[in-house]
Amino acid sequence: MRIGITCYPTYGGSGIVATELGMELAQRGHEVHFISYANPIRLDPGTPGIHYHEVEVSTYPLFQYPPYSLALASRMAEVAELHALDLLHVHYAIPHSISALLAQQMTTNRRLPFITTLHGTDITLVGTDRSYFPITKFSIEQSDGVTTISEYMRKRTVEFFGVRKPIEVIHNFVNCSLYRPDEEARSQGRKRILHISNFRPVKRVLDCIRAFAKVRNHVDAELIMAGDGPDRGPAEHLARELRVEEHVQFLGKQNHMERLIPRMHALHLPSEMEAFGLAALEAMACGVPPVATLTGGVPDLITHGVDGFMEPVGDVDAQAGRLVELLTNEDLHGQIARAARSTAETRFCTDLIIPQYERYYERVCSLEGTPRAASVSN
Ligand code: GMT
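Computed from a predicted structure; not experimentally measured.

Conventions we followed
Residues numbered from 1 in each chain as written. Predicted model: local features only at pLDDT ≥ 70, side-chain atom pairs only at ≥ 80, totals over all residues. Heavy atoms only, no water. Axes fitted to C-alpha atoms, helices over the stretch in contact; angles between N-to-C directions. Helix = DSSP H or I, 4+ residues; strand = E, 2+ residues; numbered from the N terminus. Parallel < 35°, antiparallel > 145°, perpendicular 65-115°, else oblique. Left-handed = near helix turned anticlockwise from the far one by under 90°. Contact = heavy atoms within 4.5 Å. Nonpolar A, V, L, I, M, F, W, Y, C, P; charged D, E, K, R; others polar. Core = buried A, V, L, I, M, F, W, Y, C linked by side-chain atoms within 4.5 Å. Buried < 20%, exposed > 50% of the residue type's maximum accessible area, 1.4 Å probe, protein only. Domains from an automatic or database assignment. Near = heavy atom within 4 Å. Polar contact = N/O pair within 3.5 Å; in protein donor to acceptor, adjacent residues only side chain to side chain. Areas by Shrake-Rupley, 256 points an atom, 1.4 Å probe, with all protein chains shown as cover. pLDDT = per-residue confidence, 0-100. Salt bridge = Lys/Arg side-chain N within 4 Å of Asp/Glu carboxyl O. Pairing = 2+ DSSP bridges.

**So, the packing of helix α8 (residues 205-215) against helix α13 (residues 316-328)**
So, step 1. Where α8 contacts α13, the two axes come as close as 9 Å, and the packing angle between them is 55°. Taken together, the axes of α8 and α13 lie oblique to each other. Judged by the twist between their axes, the crossing of α8 over α13 is right-handed. Facing D207, R210, A211, K214 and V215 of α8, the residues of α13 in contact are V316, D317, Q319, A320, L323, V324 and L327.
So, step 2. When grouped by side-chain class, the residues that make up the contact of α8 with α13 number 7 nonpolar, 1 polar and 4 charged.

**Let's talk about the nonpolar core**
One recurring pattern in soluble globular proteins: nonpolar side chains tend to sit buried together.
So, step 1. In terms of nonpolar packing, the biggest core is built from 67 residues, with L194 and I261 touching the most fellow members.
So, step 2. Among the elements that line this core, the one with the most residues is helix α11 (residues 278-285), at 7 residues.
So, step 3. There are two domains that each give this core at least three residues, and those are domain 1 (2-173 + 351-365) and domain 2 (183-348).
So, step 4. Each residue touching L194, except ones within four places of it in the same chain, is listed here: I224, A226, L260, I261, M264, A266, L267 and H268.
So, step 5. With 30 residues, the next largest nonpolar core counts F199, A211, A221 and A235 among its residues.

**What to know about the environment of R240**
So, step 1. Note that R240 resides in helix α9 (residues 232-241).
So, step 2. It is 61 Å that separates the C-alpha atoms of R240 and R110, two residues lying 130 residues apart in sequence.

**What to know about the site of the ligand**
So, step 1. The environment of the ligand is made up of 19 residues, and the closest members are S14, H119, R200, E274 and A275.
So, step 2. Here G13 contributes a backbone N or O atom positioned 3.4 Å from an oxygen atom of the ligand.
So, step 3. Contact between the ligand and A275: an oxygen atom at 2.9 Å from a main-chain N or O atom of the residue.
So, step 4. In the complex, the protein chains occlude 94% of the 490 Å² of accessible area that the ligand would expose alone.
So, step 5. Here the shell around the ligand is composed, by residue class, of 7 nonpolar, 9 polar and 3 charged.

**Details of the side chain of H89**
So, step 1. Here H89 shows up in strand β4 (residues 87-91).
So, step 2. Classification of H89 as buried rests on a relative accessible area of 0%.
So, step 3. In this structure the side chain of H89 is engaged in a polar contact, spanning 2.6 Å, whose partner is the side chain of Y361.
So, step 4. Once residues lying within four places of it in the same chain are set aside, the contact partners of H89 are I3, G4, I5, T6, L21, I115, T117, Y357 and Y361.

**Observations concerning the confidence of the model for the chain**
So, step 1. Taken over all residues, the pLDDT of the chain has a mean of 94, while the share at 70 or more is 97%.
So, step 2. Long-range and interchain partners of residues 370-378, a stretch whose pLDDT sits below 50, account for 26 contacts in this model, where long-range means more than four residues apart.

**Focus: the pattern of salt bridges**
So, step 1. Here the structure, examined in full by the defined rule, presents 25 salt bridges.
So, step 2. In this structure, E20 and R42 form a salt bridge, with 2.7 Å as the shortest nitrogen-oxygen distance. Of the two residues, E20 is situated in helix α1 (residues 13-27) and R42 in the loop between β2 (31-36) and β3 (50-54); the sequence distance between them amounts to 22 residues. With respect to burial, E20 and R42 carry one shared label: buried.
So, step 3. A salt bridge links R28 to E358, with the nearest nitrogen and oxygen atoms 4.0 Å apart. With R28 in the loop between α1 and β2 and E358 in helix α15 (residues 350-365), this residue pair connects regions lying 330 residues apart in the sequence.
So, step 4. R28 gets classed as partly exposed once you look at its relative accessible area, which sits at 33%.
So, step 5. Taken together, the salt bridges that share partners define one network made up of R190, R216, D220 and E222.

**Brief notes about the sheet that holds β2**
So, step 1. Ordered by their spatial adjacency, 7 strands build an open sheet running β3-β2-β1-β4-β5-β6-β7, and the pairing between neighbours is parallel. Single-partner strands in this sheet number two, and they are β3 and β7 (168-169).
So, step 2. Of the strand pairs in this sheet, β2 and β3 are connected by 5 bridges, and their pairing is parallel. Paired with H33 across the strands is H51, a residue of β3.
So, step 3. In the packing of helix α2 (residues 68-82) onto the sheet, contacts are made with β1 (2-6), β2, β3 and β4, and the angle to β2 comes to roughly 160°.
So, step 4. Of the strands in this sheet, β1, β4, β5 (114-118), β6 (145-148) and β7 are in contact with α15, which crosses β6 at around 160°.

Here you go:
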(Lines give C-alpha, C1' and ligand atoms only; values in the text may rest on other atoms or scores of the structure.)
Protein backbone atom coordinates (compact mmCIF):
# COMPACT_ATOMS: atom_id res chain seq x y z
CA MET A 1 0.00 0.00 0.00
CA ARG A 2 0.97 3.65 -0.24
CA ILE A 3 0.56 5.22 3.18
CA GLY A 4 0.94 8.84 4.31
CA ILE A 5 1.94 9.18 7.98
CA THR A 6 1.77 12.39 10.00
CA CYS A 7 3.00 12.79 13.57
CA TYR A 8 4.75 15.23 15.87
CA PRO A 9 8.35 14.80 14.77
CA THR A 10 9.97 15.86 18.04
CA TYR A 11 10.57 13.72 21.11
CA GLY A 12 7.42 12.09 22.44
CA GLY A 13 5.82 8.69 22.45
CA SER A 14 3.33 9.28 19.63
CA GLY A 15 6.05 10.41 17.20
CA ILE A 16 8.22 7.44 18.12
CA VAL A 17 5.39 4.95 17.57
CA ALA A 18 4.47 6.58 14.23
CA THR A 19 8.08 6.54 13.06
CA GLU A 20 8.75 2.94 14.08
CA LEU A 21 5.46 1.91 12.48
CA GLY A 22 6.43 3.59 9.19
CA MET A 23 9.86 1.95 9.20
CA GLU A 24 8.38 -1.49 9.90
CA LEU A 25 5.74 -1.02 7.17
CA ALA A 26 8.43 -0.01 4.68
CA GLN A 27 10.37 -3.17 5.55
CA ARG A 28 7.26 -5.17 4.73
CA GLY A 29 7.15 -3.66 1.24
CA HIS A 30 4.78 -0.72 1.75
CA GLU A 31 5.58 2.74 0.40
CA VAL A 32 5.54 5.15 3.33
CA HIS A 33 5.40 8.94 3.06
CA PHE A 34 6.02 10.98 6.21
CA ILE A 35 4.42 14.42 6.06
CA SER A 36 5.48 16.74 8.87
CA TYR A 37 7.26 20.02 9.69
CA ALA A 38 10.54 18.25 10.50
CA ASN A 39 12.15 14.88 9.95
CA PRO A 40 10.83 12.63 12.75
CA ILE A 41 13.59 12.12 15.26
CA ARG A 42 14.08 8.37 14.89
CA LEU A 43 13.50 8.36 11.11
CA ASP A 44 16.32 7.53 8.75
CA PRO A 45 15.12 9.12 5.49
CA GLY A 46 17.64 7.02 3.54
CA THR A 47 15.69 3.84 4.32
CA PRO A 48 14.26 2.11 1.23
CA GLY A 49 10.52 2.65 0.96
CA ILE A 50 10.59 5.75 3.19
CA HIS A 51 9.92 9.24 1.87
CA TYR A 52 9.81 12.48 3.79
CA HIS A 53 7.83 15.57 2.77
CA GLU A 54 8.39 18.72 4.75
CA VAL A 55 5.53 21.09 5.52
CA GLU A 56 6.59 24.68 5.12
CA VAL A 57 4.61 27.23 7.08
CA SER A 58 4.98 30.67 5.57
CA THR A 59 4.63 33.63 7.85
CA TYR A 60 2.80 36.78 6.90
CA PRO A 61 2.41 40.01 8.90
CA LEU A 62 -1.28 39.34 9.50
CA PHE A 63 -0.66 35.87 10.89
CA GLN A 64 -0.02 36.23 14.58
CA TYR A 65 -0.33 32.41 14.66
CA PRO A 66 0.93 30.82 11.41
CA PRO A 67 -1.73 28.28 10.32
CA TYR A 68 0.25 25.03 10.43
CA SER A 69 -2.90 22.90 10.17
CA LEU A 70 -3.76 24.45 6.81
CA ALA A 71 -0.24 24.17 5.42
CA LEU A 72 -0.25 20.53 6.54
CA ALA A 73 -3.62 19.87 4.86
CA SER A 74 -2.35 21.36 1.57
CA ARG A 75 0.80 19.26 1.72
CA MET A 76 -1.15 16.10 2.56
CA ALA A 77 -3.46 16.63 -0.43
CA GLU A 78 -0.50 17.37 -2.70
CA VAL A 79 1.49 14.29 -1.61
CA ALA A 80 -1.61 12.10 -1.81
CA GLU A 81 -2.19 13.24 -5.38
CA LEU A 82 1.44 13.02 -6.54
CA HIS A 83 2.11 9.61 -4.99
CA ALA A 84 -1.38 8.11 -5.31
CA LEU A 85 -1.64 7.44 -1.57
CA ASP A 86 -4.16 4.81 -0.49
CA LEU A 87 -4.68 6.35 2.92
CA LEU A 88 -3.47 8.85 5.49
CA HIS A 89 -2.62 7.68 9.00
CA VAL A 90 -2.30 10.49 11.52
CA HIS A 91 -0.94 10.15 15.05
CA TYR A 92 -2.28 12.47 17.77
CA ALA A 93 -5.71 13.89 17.07
CA ILE A 94 -5.08 17.63 17.16
CA PRO A 95 -4.49 19.12 14.67
CA HIS A 96 -3.49 16.21 12.45
CA SER A 97 -6.88 14.60 11.95
CA ILE A 98 -8.49 17.92 11.05
CA SER A 99 -5.77 18.53 8.44
CA ALA A 100 -6.38 15.01 7.10
CA LEU A 101 -10.11 15.71 6.88
CA LEU A 102 -9.40 18.84 4.84
CA ALA A 103 -6.95 16.98 2.61
CA GLN A 104 -9.62 14.34 2.04
CA GLN A 105 -12.13 17.01 1.03
CA MET A 106 -9.57 18.59 -1.30
CA THR A 107 -9.07 15.23 -3.02
CA THR A 108 -12.17 15.28 -5.18
CA ASN A 109 -11.24 12.70 -7.83
CA ARG A 110 -11.12 9.64 -5.52
CA ARG A 111 -11.58 8.46 -1.97
CA LEU A 112 -8.72 9.23 0.44
CA PRO A 113 -9.55 7.58 3.78
CA PHE A 114 -7.78 8.63 6.94
CA ILE A 115 -7.12 6.86 10.21
CA THR A 116 -6.49 8.64 13.51
CA THR A 117 -4.48 7.00 16.27
CA LEU A 118 -5.13 8.45 19.71
CA HIS A 119 -2.03 8.28 21.90
CA GLY A 120 -2.84 9.79 25.25
CA THR A 121 -2.54 13.45 26.02
CA ASP A 122 -4.43 14.28 22.80
CA ILE A 123 -7.45 12.90 24.70
CA THR A 124 -6.55 13.18 28.39
CA LEU A 125 -5.18 16.76 28.31
CA VAL A 126 -5.74 18.54 24.99
CA GLY A 127 -9.12 16.92 24.35
CA THR A 128 -10.42 17.87 27.78
CA ASP A 129 -9.49 21.53 27.32
CA ARG A 130 -12.70 23.47 26.63
CA SER A 131 -11.24 25.10 23.51
CA TYR A 132 -10.36 21.77 21.94
CA PHE A 133 -13.12 19.43 23.15
CA PRO A 134 -15.57 20.02 20.26
CA ILE A 135 -12.92 19.77 17.53
CA THR A 136 -11.36 16.67 19.07
CA LYS A 137 -14.77 14.96 19.21
CA PHE A 138 -15.48 16.04 15.62
CA SER A 139 -12.12 14.78 14.41
CA ILE A 140 -12.76 11.34 15.92
CA GLU A 141 -16.23 11.15 14.43
CA GLN A 142 -15.04 12.18 10.98
CA SER A 143 -12.10 9.75 10.82
CA ASP A 144 -12.63 6.73 8.61
CA GLY A 145 -10.95 4.62 11.25
CA VAL A 146 -9.81 5.27 14.81
CA THR A 147 -7.28 3.26 16.76
CA THR A 148 -5.81 3.70 20.17
CA ILE A 149 -3.03 2.10 22.12
CA SER A 150 -4.73 0.66 25.20
CA GLU A 151 -8.11 -0.55 26.37
CA TYR A 152 -8.10 2.22 28.97
CA MET A 153 -7.79 4.87 26.23
CA ARG A 154 -10.59 3.28 24.22
CA LYS A 155 -12.96 3.34 27.20
CA ARG A 156 -11.95 6.83 28.24
CA THR A 157 -12.48 8.21 24.72
CA VAL A 158 -15.90 6.58 24.38
CA GLU A 159 -17.05 7.71 27.83
CA PHE A 160 -15.66 11.23 27.75
CA PHE A 161 -16.56 12.18 24.18
CA GLY A 162 -19.69 10.05 23.92
CA VAL A 163 -18.58 8.82 20.49
CA ARG A 164 -20.44 5.79 19.20
CA LYS A 165 -17.83 4.98 16.61
CA PRO A 166 -15.94 1.69 17.15
CA ILE A 167 -12.36 2.28 18.24
CA GLU A 168 -9.80 -0.41 17.56
CA VAL A 169 -7.20 -1.11 20.25
CA ILE A 170 -3.79 -1.79 18.71
CA HIS A 171 -1.18 -1.83 21.43
CA ASN A 172 2.20 -0.18 21.13
CA PHE A 173 5.00 -2.46 20.01
CA VAL A 174 8.74 -2.96 20.31
CA ASN A 175 11.36 -4.42 18.02
CA CYS A 176 12.59 -7.31 20.18
CA SER A 177 15.66 -7.90 17.99
CA LEU A 178 16.86 -4.35 18.53
CA TYR A 179 15.74 -3.97 22.15
CA ARG A 180 17.28 -6.95 23.93
CA PRO A 181 19.01 -7.77 27.19
CA ASP A 182 22.79 -7.35 27.50
CA GLU A 183 23.97 -9.18 30.61
CA GLU A 184 27.58 -8.14 30.19
CA ALA A 185 26.84 -4.41 29.99
CA ARG A 186 24.56 -4.71 33.00
CA SER A 187 27.13 -6.51 35.14
CA GLN A 188 29.56 -3.56 35.01
CA GLY A 189 29.71 -0.75 37.57
CA ARG A 190 27.10 0.35 40.10
CA LYS A 191 23.37 -0.42 40.12
CA ARG A 192 21.56 1.95 37.79
CA ILE A 193 17.98 3.23 37.73
CA LEU A 194 16.74 4.79 34.50
CA HIS A 195 14.01 7.33 33.88
CA ILE A 196 12.97 8.24 30.32
CA SER A 197 10.48 10.97 29.48
CA ASN A 198 9.87 14.40 28.04
CA PHE A 199 9.99 15.89 31.57
CA ARG A 200 6.49 17.32 31.42
CA PRO A 201 4.53 17.68 34.71
CA VAL A 202 2.43 14.60 33.84
CA LYS A 203 5.62 12.50 34.17
CA ARG A 204 6.23 13.54 37.82
CA VAL A 205 10.02 13.52 37.37
CA LEU A 206 10.47 15.02 40.85
CA ASP A 207 9.17 11.72 42.24
CA CYS A 208 12.17 10.03 40.54
CA ILE A 209 14.53 12.23 42.53
CA ARG A 210 12.59 11.83 45.79
CA ALA A 211 12.43 8.04 45.43
CA PHE A 212 16.09 7.88 44.44
CA ALA A 213 17.14 9.77 47.59
CA LYS A 214 15.33 7.05 49.60
CA VAL A 215 16.91 4.26 47.52
CA ARG A 216 20.35 5.74 48.28
CA ASN A 217 19.76 5.07 52.00
CA HIS A 218 19.97 1.35 51.15
CA VAL A 219 21.92 0.93 47.90
CA ASP A 220 24.90 2.70 46.31
CA ALA A 221 22.97 3.33 43.09
CA GLU A 222 23.02 5.85 40.25
CA LEU A 223 20.04 7.53 38.61
CA ILE A 224 20.12 8.16 34.88
CA MET A 225 17.61 10.72 33.62
CA ALA A 226 17.14 10.54 29.82
CA GLY A 227 15.15 13.19 28.00
CA ASP A 228 14.46 16.85 28.43
CA GLY A 229 11.58 19.21 29.06
CA PRO A 230 10.13 21.81 31.43
CA ASP A 231 10.74 19.87 34.68
CA ARG A 232 14.41 19.17 34.08
CA GLY A 233 15.52 22.35 35.91
CA PRO A 234 13.33 21.68 38.97
CA ALA A 235 14.58 18.05 39.02
CA GLU A 236 18.23 19.19 38.96
CA HIS A 237 17.47 21.64 41.76
CA LEU A 238 15.78 18.97 43.87
CA ALA A 239 18.70 16.59 43.38
CA ARG A 240 20.99 19.27 44.84
CA GLU A 241 18.58 19.97 47.68
CA LEU A 242 18.41 16.28 48.61
CA ARG A 243 22.21 16.03 48.25
CA VAL A 244 22.15 13.27 45.65
CA GLU A 245 23.27 15.36 42.68
CA GLU A 246 26.61 13.61 42.25
CA HIS A 247 24.77 10.30 41.75
CA VAL A 248 22.29 11.63 39.19
CA GLN A 249 23.15 12.07 35.51
CA PHE A 250 20.92 14.18 33.29
CA LEU A 251 21.67 12.96 29.77
CA GLY A 252 19.25 15.15 27.82
CA LYS A 253 17.60 13.85 24.65
CA GLN A 254 18.90 10.51 23.45
CA ASN A 255 18.56 8.92 20.05
CA HIS A 256 19.60 5.33 20.69
CA MET A 257 17.62 4.11 23.65
CA GLU A 258 18.30 0.51 22.61
CA ARG A 259 21.97 1.08 23.54
CA LEU A 260 21.27 2.80 26.85
CA ILE A 261 18.45 0.71 28.34
CA PRO A 262 20.19 -2.71 28.48
CA ARG A 263 22.85 -1.26 30.85
CA MET A 264 20.18 -0.50 33.48
CA HIS A 265 18.85 -2.50 36.45
CA ALA A 266 15.40 -0.91 36.75
CA LEU A 267 13.21 1.67 35.04
CA HIS A 268 11.27 4.19 37.14
CA LEU A 269 8.14 5.64 35.50
CA PRO A 270 6.19 7.51 38.22
CA SER A 271 3.74 9.27 35.83
CA GLU A 272 0.48 10.83 36.86
CA MET A 273 -0.99 9.34 33.69
CA GLU A 274 0.27 7.01 30.96
CA ALA A 275 -2.04 5.93 28.18
CA PHE A 276 0.31 2.99 27.65
CA GLY A 277 3.92 3.59 28.76
CA LEU A 278 6.14 2.91 25.76
CA ALA A 279 9.31 3.51 27.80
CA ALA A 280 8.28 0.66 30.13
CA LEU A 281 7.76 -1.67 27.16
CA GLU A 282 11.18 -0.82 25.70
CA ALA A 283 12.74 -1.51 29.11
CA MET A 284 10.89 -4.81 29.46
CA ALA A 285 12.15 -5.95 26.05
CA CYS A 286 15.67 -5.33 27.36
CA GLY A 287 14.95 -7.36 30.51
CA VAL A 288 14.93 -4.22 32.66
CA PRO A 289 12.08 -4.43 35.22
CA PRO A 290 9.80 -1.38 35.35
CA VAL A 291 8.55 0.26 38.55
CA ALA A 292 5.61 2.27 37.26
CA THR A 293 2.42 3.81 38.59
CA LEU A 294 -0.98 2.17 38.58
CA THR A 295 -2.54 4.55 36.11
CA GLY A 296 -4.23 4.69 32.71
CA GLY A 297 -3.23 1.94 30.30
CA VAL A 298 -0.19 0.72 32.25
CA PRO A 299 -2.07 -2.41 33.44
CA ASP A 300 -2.48 -3.39 29.75
CA LEU A 301 1.29 -3.84 29.78
CA ILE A 302 2.51 -4.70 33.29
CA THR A 303 1.28 -7.56 35.46
CA HIS A 304 2.10 -6.42 38.98
CA GLY A 305 4.65 -8.64 40.71
CA VAL A 306 5.17 -10.77 37.60
CA ASP A 307 6.94 -8.68 34.96
CA GLY A 308 7.20 -5.36 36.82
CA PHE A 309 5.59 -3.37 39.62
CA MET A 310 2.84 -0.76 39.75
CA GLU A 311 2.42 1.45 42.80
CA PRO A 312 0.03 4.35 43.46
CA VAL A 313 0.74 7.72 41.84
CA GLY A 314 2.73 9.88 44.28
CA ASP A 315 3.52 7.03 46.68
CA VAL A 316 7.25 7.60 46.59
CA ASP A 317 7.91 5.30 49.57
CA ALA A 318 6.26 2.33 47.88
CA GLN A 319 8.05 3.03 44.59
CA ALA A 320 11.42 3.39 46.32
CA GLY A 321 10.74 0.13 48.19
CA ARG A 322 10.24 -1.74 44.91
CA LEU A 323 13.38 -0.24 43.44
CA VAL A 324 15.39 -1.32 46.50
CA GLU A 325 13.97 -4.86 46.24
CA LEU A 326 14.99 -5.08 42.60
CA LEU A 327 18.47 -3.71 43.21
CA THR A 328 19.23 -5.92 46.22
CA ASN A 329 17.51 -9.22 45.46
CA GLU A 330 19.25 -10.91 42.51
CA ASP A 331 16.75 -13.78 42.33
CA LEU A 332 13.76 -11.46 42.24
CA HIS A 333 15.48 -9.26 39.67
CA GLY A 334 16.28 -12.24 37.41
CA GLN A 335 12.75 -13.59 37.66
CA ILE A 336 11.06 -10.26 36.84
CA ALA A 337 13.60 -9.45 34.11
CA ARG A 338 12.92 -12.78 32.33
CA ALA A 339 9.15 -12.37 32.63
CA ALA A 340 9.38 -8.80 31.34
CA ARG A 341 11.32 -9.91 28.26
CA SER A 342 8.83 -12.71 27.69
CA THR A 343 5.86 -10.30 27.90
CA ALA A 344 7.49 -8.05 25.28
CA GLU A 345 8.19 -11.01 23.00
CA THR A 346 4.89 -12.80 23.29
CA ARG A 347 2.47 -9.85 23.39
CA PHE A 348 4.03 -6.68 22.00
CA CYS A 349 6.74 -7.49 19.46
CA THR A 350 6.54 -5.90 16.03
CA ASP A 351 5.76 -9.21 14.30
CA LEU A 352 2.52 -9.44 16.25
CA ILE A 353 1.38 -5.82 16.17
CA ILE A 354 2.32 -4.51 12.70
CA PRO A 355 0.05 -7.06 10.93
CA GLN A 356 -2.82 -5.72 13.06
CA TYR A 357 -2.26 -2.29 11.50
CA GLU A 358 -2.02 -3.84 8.03
CA ARG A 359 -5.31 -5.67 8.48
CA TYR A 360 -6.95 -2.52 9.82
CA TYR A 361 -5.72 -0.49 6.81
CA GLU A 362 -7.24 -3.13 4.49
CA ARG A 363 -10.55 -2.95 6.31
CA VAL A 364 -10.74 0.84 6.21
CA CYS A 365 -9.72 0.99 2.55
CA SER A 366 -12.30 -1.60 1.54
CA LEU A 367 -15.18 0.32 3.11
CA GLU A 368 -15.82 2.55 0.13
CA GLY A 369 -19.10 4.40 0.27
CA THR A 370 -19.96 3.40 3.83
CA PRO A 371 -21.27 6.35 5.84
CA ARG A 372 -18.39 7.64 7.91
CA ALA A 373 -20.08 7.62 11.31
CA ALA A 374 -20.41 3.83 11.18
CA SER A 375 -17.49 3.09 8.94
CA VAL A 376 -15.52 0.43 10.82
CA SER A 377 -16.92 -2.36 12.93
CA ASN A 378 -14.99 -4.39 15.49
O1 GMT B 1 3.91 11.59 27.17
C2 GMT B 1 4.64 11.29 26.23
O3 GMT B 1 5.67 10.64 26.34
C4 GMT B 1 4.29 11.74 24.89
C5 GMT B 1 2.94 11.27 24.53
C6 GMT B 1 2.60 11.64 23.14
O7 GMT B 1 1.41 11.68 22.92
O8 GMT B 1 3.45 11.92 22.30
O9 GMT B 1 2.91 9.86 24.80
C10 GMT B 1 1.70 9.17 24.80
O11 GMT B 1 1.84 8.25 23.74
C12 GMT B 1 2.77 7.20 23.96
C13 GMT B 1 2.86 6.37 22.69
O14 GMT B 1 1.66 5.81 22.31
C15 GMT B 1 2.31 6.37 25.17
O16 GMT B 1 3.21 5.29 25.39
C17 GMT B 1 2.31 7.30 26.39
O18 GMT B 1 1.78 6.55 27.49
C19 GMT B 1 1.42 8.50 26.15
N20 GMT B 1 1.66 9.47 27.23
C21 GMT B 1 0.71 9.79 28.10
O22 GMT B 1 -0.42 9.31 28.10
C23 GMT B 1 1.10 10.79 29.14
